[in-house]
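Summary of the model geometry
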Amino acid sequence: SAVISQKPSRDICQRGTSLTIQCQVDSQVTMMFWYRQQPGQSLTLIATANQGSEATYESGFVIDKFPISRPNLTFSTLTVSNMSPEDSSIYLCSAGGQGTRTYEQYFGPGTRLTVT
Amino acid sequence: GENVEQHPSTLSVQEGDSAVIKCTYSDSASNYFPWYKQELGKRPQLIIDIRSNVGEKKDQRIAVTLNKTAKHFSLHITETQPEDSAVYFCAASTGRNAGKSTFGDGTTLTVKP
């Protein structure tokens, strides 16, 4: 299985500022995703990070608010821009499509964001 | 888009009993159905999955069944232990290359010693 790390693990930010979250996978993967999870709730897909091209966003999420980069097959960043308290959540990176395990998807440890 | 419904939202069992969690999906194109276990403060972990060409899969105390005609799939945990206590999520996905998954709302399983 892919080993996924995220930085930072948590942060407290002031409203109006931006935070960039980094996701690193220990091997090349086809797909990388960014999810948001409110405490006690399910996972909501923000976008699919596409290597070398613009990310594909889900309904309700826009590039200006959540710009995403994916410069290669093992790394991606998610920026939460112009933050408000409603952005407080856990942000999870996910990766899959590794080798013969083309269906399986694995998660990073998450970044706990609190906006004050 | 895909819609996944999961029941029950909470489940409490005695240690040693069985637990069953059920999910339904809407998109007939979905062909991959993983189950994740998430302990408090930790990442979701893939515990078992099933593809649409298989009706049942078992791994020690856990098993998953799939009924493609009815568009539902279930997680079965036998001989439950306190360490099985966690939130369990089902998901549905289409296509190879880890196509994006739609998750159910989760089931909080409590196993009482």
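Read on for an overview of the structure. (Residues numbered from 1 in each chain as written. Chains lettered and ligands numbered in written order. Predicted model: local features only at pLDDT ≥ 70, side-chain atom pairs only at ≥ 80, totals over all residues. Heavy atoms only, no water.)

1. Structural notes on the layout of surface pockets
Short version of the rule: Cavities and pockets were defined on a 1 Å grid built from protein atoms only: a cavity is a group of points that admits a 1.4 Å probe but offers it no way out, a pocket is an open group of points flanked by protein on both sides within 12 Å along at least five of seven lines, and a lining residue is one with an atom within 4 Å of any such point. Grid points are joined across faces, edges and corners, and a volume is the space filled by probe spheres set on the points. Secondary structure elements follow DSSP: runs of H or I no shorter than four residues count as helices, runs of E no shorter than two count as strands, and numbering proceeds from the N terminus. Under the scheme applied, nonpolar residues are Ala, Val, Leu, Ile, Met, Phe, Trp, Tyr, Cys and Pro; charged residues are Asp, Glu, Lys and Arg; polar residues are all the others, including Gly.
Put simply, the largest pocket is a space of about 490 Å³. Gln37(A), Ile90(A), Arg112(A), Gln38(B) and Gly41(B) are the residues nearest the centre of the largest pocket, which is lined by 26 residues in total. At the level of secondary structure, the elements contributing two or more residues to the lining of the largest pocket comprise strand E9 (89–98) and strand E11 (111–115) of chain A together with strand E9 (86–93) and strand E11 (107–112) of chain B. Split into classes, the residues belonging to the lining of the largest pocket amount to 7 nonpolar, 13 polar and 6 charged. Sorting the residues of the lining of the second largest pocket by element identifies strand E5 (43–49) of chain A together with E9 and strand E10 (101–103) of chain B as the ones contributing at least two each. Counted by class, the lining of the second largest pocket contains 6 nonpolar, 8 polar and 4 charged residues.

2. As for the state of the cysteines
All names here are of chain A. The following threshold applies: Disulfides are defined in this document as cysteine sulfur pairs within 2.5 Å. Think of it in three bands: residues with accessible area under 20% of the maximum for their type are buried, residues over 50% are exposed, and the middle band is partly exposed, with areas taken using a 1.4 Å probe on protein chains only.
Taken as a whole and judged by the stated rule, the model has 2 disulfides over all chains. Between the sulfur of Cys23 and that of Cys93 lies a disulfide, 1.9 Å long from S to S. Taking the sign of the torsion about the S-S bond as the criterion, the disulfide between Cys23 and Cys93, at about -70 degrees, is left-handed. One end of the pair, Cys23, is in strand E3 (residues 19–25); the other, Cys93, is in strand E9, and 70 residues separate them in sequence. For the residue pair Cys23 and Cys93, the accessibility class agrees, reading buried in each case. Just so you know, Cys13 is unpaired, no disulfide at all, and the nearest cysteine sulfur is the one on Cys23, 18 Å from it.

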